[in-house]
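# Observations on the model geometry
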Amino acid sequence: MRKKAAIVISLLMSVLLISACSNTSDNNGGSTNTARTNKTTSKKGYQTTGKTADSDYQGVIKNGRYKASRARGVGITQDADNILNLQSFESGLTSLSKTQFSPKKYVFQEGQILSRSTVENWLDRQSRDNPTGLNPKDNGQKDAKKRTPKYIQQIEEQDYMNDDNGKLSLGGITIGIGMNRKDYYQKEQYGATYSTDISQDEMVKQGRIAAAKILARLRKEKGVTNDTPIMIAMFEQAPNDSLVGGSFYSTTLSKSGNEINNWQDTHLSSYTFPATATKSVPNDNDETSFEGFQNKIKDFFPNLAGVTAQGQYKNKTLQGMKVNITTQFYSQTEITSFTQYVAQAARTYLPTGIPIDITIKGADGTVQAFLSREDDNGDFYSHVFSSY
């Protein structure tokens, strides 16, 4: 329940932040019980954000402010054409980090080692003016098959801190590297967009070359020792027109030095529901379940613009699903009734035993309601956003 409440609190905070930016003073109510809020915990020289579930990390607050990444905003700039890639990259990176840096032991801190300019230089092409560029030199060709593509699209650092009697020290680092399967480019400024295809084998090869260079460079940074654990996670970017973000395909952990001895495949992949003609989901039963849910709720009201979902698989087993429903409702009572009906249909038709989030939005993108179920509970928790 605490995890579900935390999700709703996060959505409410987003609404409040948007309202503040708009200089509005509307108060948002809802159809949920008041959640218990964990207070920040004071430490010597810093505070932690507190957490609403044992599986969450506490974040670092210093001088009353959240300690943001030194390279903040680089990912958004680099991946603006498909924001789903950025979302999958960041959430997936944190999830993988939990396998090495337990939230029960470590405090999360946004990357403080790599600066914005450093990451931007690394993501750029190598040149005389930028010798640290991880992407290859431009060969001057404009033809898609002849030009040298950019292989590396994103780099993100996450720091995991030890808390020793109120004093923070670096306990480990996670580096996420986003790799292109398609490199988009323009032959002239403001001109048409073209793309160069990159094979799976070449993507993996170039990613491992970049990972080795980044590891060696990190070991030389101030505050990073020869035995600081460094986890590197490799991410395959989805194409710009994809309805789902990309997936992490392999990880490695360097406990000391610069050598990378082995890589572990994650066997993770993302799929869309309903399935497309070119990409079917690994398990037909999951597709059948979603179609039953989709048909059921489309019969409820004629004013539905779309029902889609993203599912993550490990091998052929569905790990979780995020459903998006777009409506054209105008009445608050319609939204409330529809949310109640969606909860019933989801419980009946959608796959069991996995976490599922369902977001109901208006045609303008405004979140109208949210439903969530944890993998160990068959009931859906729901919240309808309303105003006083």
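This text gives an overview of the structure that appears in the document. (Residues numbered from 1 in each chain as written. Predicted model: local features only at pLDDT ≥ 70, side-chain atom pairs only at ≥ 80, totals over all residues. Heavy atoms only, no water.)

Helix and strand content of the protein chain: seven helices and 19 strands. The burial tally for the protein chain puts 43% of its 388 residues in the buried class. Considering only intrachain contacts with a sequence separation of at least 6, the fraction spanning at least 24 residues in the protein chain is 60%. (Helix = DSSP H or I, 4+ residues; strand = E, 2+ residues; numbered from the N terminus. Buried < 20%, exposed > 50% of the residue type's maximum accessible area, 1.4 Å probe, protein only. Contact = heavy atoms within 4.5 Å.)

Further remarks concern the side chain of Gln-206. Examined against the element boundaries, Gln-206 turns out to sit in helix H5 (residues 200-219). Given the relative accessible area of 17%, Gln-206 is considered buried. A polar side-chain atom of Gln-206 sits 2.9 Å from a polar atom in the side chain of Glu-202. When sequence neighbours within four positions are dropped, the list of residues in contact with Gln-206 reads Tyr-151 and Met-179. (Polar contact = N/O pair within 3.5 Å; in protein donor to acceptor, adjacent residues only side chain to side chain.)

The next point concerns the nonpolar core. Judged by nonpolar contacts, the single largest core of 32 residues is most densely connected at Phe-293, Met-321, Val-323, Ile-325 and Ile-358. When sequence neighbours within four positions are dropped, the list of residues in contact with Val-323 reads Phe-290, Phe-293, Val-307, Thr-308, Ala-309, Leu-350, Ile-356, Asp-357, Ile-358 and Thr-359. (Core = buried A, V, L, I, M, F, W, Y, C linked by side-chain atoms within 4.5 Å.)

On to helix H4 (residues 116-123). Among the residues of H4, those classed as buried are Val-119, Trp-122 and Leu-123. Seen along its axis, H4 keeps its buried residues to an arc of 95°; they face one direction. (Arc of directions from axis to C-beta.)

Our next topic: unusual backbone geometry. The general pattern is negative phi for most residues beyond glycine and trans for most peptide bonds. Residues Phe-273 and Pro-274 are joined by a peptide bond in cis, for which omega reads -5°. One non-glycine residue with positive phi stands out, namely Asn-63, at about 55°. Looking at the element boundaries, Asn-63 is found in the loop between strand E4 (60-62) and strand E5 (65-66). Using a relative accessible area of 72% as the deciding quantity, one classes Asn-63 as exposed. If you check the backbone angles, His-267 has positive phi at about 60° while not being a glycine. Relative to the elements of secondary structure, His-267 occurs in the loop between strand E13 (264-265) and strand E14 (268-273).

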